[in-house]
Structures are given as structure tokens and as C-alpha cells.
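A look at the structure
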Amino acid sequence: MVVTSRPGRRGIFSGCFRKMDLSLFLVFICLWSTTFVYFFLKKSETSMSDTPNILSASVINNHANLSDMHFKSIIEDTPRVLFGIWSVNTRIERKVRDQFRLLFETFANRTSDHNGKADARICNLGEFLEKPEYFPDCKVVYTFVIGAAKNQTRAPTEIVMETSRPLLIKSNKHITGKDKNNKDMTLLNIKENLEGGKSQTFFYLAQEVLHHFDYVAKCDSDSVLDLLVMFDFLDNNLPRPPHNLGIIVGAPYNKQWWKTNSKLNEDTIRYKRNAEESYLQDRYGNNNMKDIFHIYPRGEFYMLSADLVHVVLNEVRSGNYMEYSVGVEDHDIGTM
């Protein structure tokens, strides 16, 4: 897991390493590989048609060496994260959501030796926003994010500013079972999509409640959580306010690999790369784009400090991102 800081005027990953900095870049990658233990998320080896075994992560641990006072001080000092889990309204995904819920319930209900209290570090967004004062120890506030507009044909793919169209809907006749009226569901009033603006819409929602949070995370539903390692990472690695500025967490991906491993065809890659390289030349004043490594965080999981949520929305609203957008969600968010 990599934590990196963003220098410069704009762009979450200013993310351009020149050849003269290649040695530093290699050190960066080596440090990343040697800290693999902090990967509290790993991509499930199952396909989207299969249900990932979320409970393969070890979540039963009694913190035997922590006193109650020490444990309380850790909780109070841990940053709070809004944790969006990308999902869709299908039968398979309903099973996946149930497994996530079971994981969170198992973690929350296990007792530890600090006075035998249940672990209160995880809660859902709906309940938290209703009475945040009831959840002072909740540090990971999760929600399942679905594009749930009732008219999927005519609905927009994103909402990033105040309009006459509501950002959220309360219900949808196709949302049934345990999902119906469940407070862990965020029903965006947009057409379901991955690359067309779902992430930007979620960040708009996040901006509306950002005063409660220090970081905002996006997680794919086919990723596997190890909650103990995750909380260890939050406790020991993330800067607290007011130092949580320009921070992004995720597994870095080098865009140079697109040449041999991409879901885009060659003509699209060539066109998009030329457009982006021209944009970066204007932005950074570099006339030799061969000297640049373009790094962005992989989409299975990434986390932004609160200030970068504003960066994303400012880029989207201004239209600037269209100059370098390639229609690939993690790339486009990571380049803003």
C-alpha cells in the first residue's frame, strides 16, 4: 500500500516522474513491494460472476495486549473514512452485499478484552448521518453505492452540482429483500455505470457530508477486506487533521503498461495518449513526454484525503478533465 502526497497546483497524482528521478521512482516501487503487508485490500481471484469469499480475511482477534485506556486513545486518534463500496442491483451482487454485512457484523460483535465491549469502529452511513453523536468511535463509515435511477434509459450518468434533479432516491421497486430501506444503501439518482460518472457523483455526495470525514475511499465489491490490517493501517500510517492534505492511498499503476495491457483498442490509446501528452506539456512545461512516468491508483481501491475530493469536483465542473479523460474510471480520477 502506498501513501503519497500531492505537490503542485492540481491533479491528485501530479504523478509525473522524469528519467532523472528514475532512481527515486525505483526506490518508491521497492518500498511499495516491501510493505505489501499493508495491502488490506486485494483483488478477488474470482470473476464478477462468482461470489468472492470475503470472510477469508481473519477478523476474530481479541486485541489481547491492549488495555482499555490505550485502545480508547487509539480510536480517538484514528482518522474517519467514508467508505464507498461500488455495487450494482443484481442477484450476484445482493449475495456479495450480504457477505460484506456478515463480515462487518462479525467484526463489530466480537468482544475484546477492553471491558468486553463490542467493537464500534464500523457503522453504516445512513445510521451515522442520522445521529453522528451516537457513533463517536466509528471510524469506517461504509455504504453500498448503486446507480438506482428509476428510468435507467433516460437518467444521466452523473450529477456533480446542485440541479432540480435530486441526488439520491429513497427507494426503487427493483431494490428488494435485505436491501430495501436498508440504511447501508446509497441510491444515486443516476444511470448505473462505472466509467461515465458514478465516482464523480459519489464524490459530490461525499462533499456534502465532508465535515464528518478525514478521508473518502472507493472500493470495488469484488475486493476482499482484511479489517484488522486495515485498522492497523489507519491507526499507524494516515496523517490526522490538519495534516491530511494532498494524500492518496492505493496500489500504483503505470500508464506505460497500457501499450501491452489495455482494454482500449490501439487507435483509442494513440489518440488519448497524444491528447493527454499535449495537455501535460502545457501543464508542466515539459517538451519531452518520453521522460515522464504517469502513475495513478488502481480502481479496486483508492482513498483520497478530504481536500482532494474538492479537487476532483472542481476539475469535473470546470470541464478541464475532458482534455485528458480516457473514459477509464481509476485513470480519470487519478489524473484530476
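This is a predicted model, so every value here is computed, not measured. (Residues numbered from 1 in each chain as written. Predicted model: local features only at pLDDT ≥ 70, side-chain atom pairs only at ≥ 80, totals over all residues. Heavy atoms only, no water.)

Here the bond from Pro241 into Pro242 is cis, since omega is 5°, no more than 30 degrees from zero. Of note in the backbone geometry, Asn181 takes a positive phi value of approximately 60° without being a glycine. Tracing the sequence through the fold places Asn181 in the loop between strand 6 (140–147) and strand 7 (185–188). (Helix = DSSP H or I, 4+ residues; strand = E, 2+ residues; numbered from the N terminus.)

Secondary-structure assignment places Phe233 in helix 6 (residues 227–237). Sequence separation between Phe233 and Thr78 is 155 residues; the distance between their C-alpha atoms is 9.7 Å.

As a further point, take the pairing of strand 6. Burial analysis of strand 6 places 8 of its 8 residues in the buried class, the great majority of the element. Where burial is concerned, the two faces of strand 6 agree: the one with Val140, Tyr142, Phe144 and Ile146 and the one with Val141, Thr143, Val145 and Gly147 are both buried. Here 6 bridges tie strand 4 (residues 81–86) to strand 6, and the two strands are oriented parallel to one another. For Phe83, the partnering residue across the bridge sits in strand 6 and is Tyr142. Examined bridge by bridge, strand 5 (residues 122–124) and strand 6 share 3 bridges and lie parallel to one another. Opposite Ile122, over in strand 6, you have Val140 as the bridge partner. Examined bridge by bridge, strand 6 and strand 7 share 4 bridges and lie parallel to one another. Bridging across to strand 7, Gly147 finds its partner in Leu188. (Buried < 20%, exposed > 50% of the residue type's maximum accessible area, 1.4 Å probe, protein only. Pairing = 2+ DSSP bridges.)

With that settled, the discussion passes to the packing of helix 3 (residues 91–109) against helix 6. At a minimum axis distance of 11 Å, the contact between helix 3 and helix 6 shows a crossing angle of 65°. Classified by the angle their axes make, helix 3 and helix 6 are roughly perpendicular. Here Leu103, Phe104 and Phe107 of helix 3 come into contact with helix 6, specifically with Leu227, Leu228 and Phe231. Across the contact of helix 3 with helix 6, the residue classes tally to 6 nonpolar, no polar and no charged. (Axes fitted to C-alpha atoms, helices over the stretch in contact; angles between N-to-C directions. Parallel < 35°, antiparallel > 145°, perpendicular 65-115°, else oblique. Contact = heavy atoms within 4.5 Å. Nonpolar A, V, L, I, M, F, W, Y, C, P; charged D, E, K, R; others polar.)

As enumerated under the stated definition, the model contains 11 salt bridges in all. Taking the shortest distance from any N to any O, the salt bridge between Asp179 and Arg97 comes out at 2.7 Å. Here Arg97 lies in helix 3 and Asp179 lies in the loop between strand 6 and strand 7, a separation of 82 residues in the sequence. Per residue, the accessibility class of Asp179 equals that of Arg97, and both read buried. Between Arg101 and Asp179 there is a salt bridge, with the nearest N and O atoms lying 2.7 Å from each other. Here Arg101 is found in helix 3, whereas its partner Asp179 is found in the loop between strand 6 and strand 7, with 78 residues between them in sequence. (Salt bridge = Lys/Arg side-chain N within 4 Å of Asp/Glu carboxyl O.)

Leu82, Phe202, Phe203 and Val216 are the most contacted members of the largest nonpolar core, which totals 36 residues. For this core, the secondary-structure elements that each account for two or more residues are strand 4, helix 4 (125–130), strand 6, helix 5 (198–208), strand 11 (293–305) and helix 8 (306–318). Element by element, the count of residues in this core is highest for helix 8, at 7 residues. Counting residues in each nonpolar core, the second largest holds 33 residues, with Phe83, Ile146, Ala217 and Phe301 among its members. (Core = buried A, V, L, I, M, F, W, Y, C linked by side-chain atoms within 4.5 Å.)

Now for the pairing of strand 4. The buried fraction of strand 4 is high, at 6 of 6 residues. Neither face of strand 4 is open: one carries Val81, Phe83 and Ile85, the other Leu82, Gly84 and Trp86, and all of them are buried. Pairing between strand 4 and strand 8 (residues 215–220): 6 bridges, direction parallel. Bridge pairing links Gly84 to Lys218 in strand 8.

For the rest of this paragraph, the subject is the packing of helix 5 against helix 8. Close contact between helix 5 and helix 8 brings their axes to 9 Å; oriented N to C, the two are set at 125°. Accordingly, the angle class assigned to the pair helix 5 and helix 8 is oblique. Considering the relative orientation of helix 5 and helix 8, their crossing is left-handed. Across the interface between the two elements, Gln200, Phe203, Tyr204 and Gln207 of helix 5 pack against Val309, His310, Val312, Leu313, Val316 and Arg317 of helix 8. When its residues are assigned to classes, the contact of helix 5 with helix 8 shows 6 nonpolar, 3 polar and 1 charged. (Left-handed = near helix turned anticlockwise from the far one by under 90°.)

The subject of this paragraph is the side chain of Glu329. Structurally, Glu329 is set in helix 9 (residues 329–335). Contact partners of Glu329, with chain neighbours within four places excluded, come to Leu194, Glu195, Ser199, Lys218, Gly299 and Tyr302.

Right, let's talk about the packing of aromatic side chains for a bit. All chains considered together, the criterion is met by 11 aromatic pairs. Lying over the aromatic face of Phe231, Arg121 brings its terminal NZ or CZ to 4.3 Å of the ring centre. (Phe/Tyr/Trp six-rings, centres within 6.5 Å; stacked < 30°, edge-to-face > 60°. Lys NZ or Arg CZ within 6 Å of the ring centre and 35° of its normal.)

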